[in-house]
Amino acid sequence: MNRSIRRVLHAAVLATALAAAAPQAFAATAAPPPPASSSSFGMPPAGYVHEKSFRGVAAACRAAGQAGIVDGKWTAYFCHQALPFTPFQELYVKK
């Protein structure tokens, strides 16, 4: 395999990995998620507050959000990926 083919192959593998690790859409259950444009890093969307007691991955975020709804702590939630290319999610809740 020559150098140029090897570079193209590496680029294709990298592009595939980046596409697979792209940030996920909001996962809300009780209410539709707020528009993506209203949630930027460090600024919660209108009506939602950051739940500081939670830190974890997507499955744990959904479980904590559902548990909060069942317990009556909040009425809706959504999980937002904290930073690109990390598995950690931030939990935003609507009380």
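The structure displayed is predicted, hence computed values, not measured ones.

A. The arrangement of the state of the cysteines in detail. By the definition in use, this model includes one disulfide. Disulfide pairing places C61 opposite C79 at an S-S distance of 2.1 Å. Sign of the S-S torsion, about -105° for the bond between C61 and C79, identifies this disulfide as left-handed. A residue pair is termed long-range when its members are at least 10 positions apart, and C61 in helix α2 (residues 58-71) and C79 in strand β3 (residues 76-81) qualify at 18 residues. With respect to burial, C61 and C79 carry one shared label: buried.

B. Up close: the nonpolar core. F54, C61, W74, Y77, C79, L91 and V93 together form the largest nonpolar core, which totals seven residues. When residues of this core are traced back to their parent elements, those giving at least two are β3 and β4 (88-94).

C. Examining the side chain of Q81 more closely. By secondary structure assignment, the location of Q81 is in strand β3. Engagement of the side chain of Q81 in a polar contact is seen with the backbone oxygen of L83, the distance being 3.5 Å. Within the structure, the side chain of Q81 is placed 2.5 Å from the backbone oxygen of T86, a separation counted as a polar contact.

D. Local environment of the pairing of β4. The sheet contact formed by strand β1 (residues 49-50) and β4 spans two bridges and is antiparallel. Opposite V49, over in β4, you have V93 as the bridge partner. Alignment of strand β2 (residues 56-57) against β4, held across two bridges, turns out to be antiparallel. Following the sheet pairing, V57 is matched in β4 by F88.

Basis of the calculations
Residues numbered from 1 in each chain as written. Predicted model: local features only at pLDDT ≥ 70, side-chain atom pairs only at ≥ 80, totals over all residues. Heavy atoms only, no water. Disulfide = S-S within 2.5 Å. Helix = DSSP H or I, 4+ residues; strand = E, 2+ residues; numbered from the N terminus. Buried < 20%, exposed > 50% of the residue type's maximum accessible area, 1.4 Å probe, protein only. Core = buried A, V, L, I, M, F, W, Y, C linked by side-chain atoms within 4.5 Å. Polar contact = N/O pair within 3.5 Å; in protein donor to acceptor, adjacent residues only side chain to side chain. Pairing = 2+ DSSP bridges.

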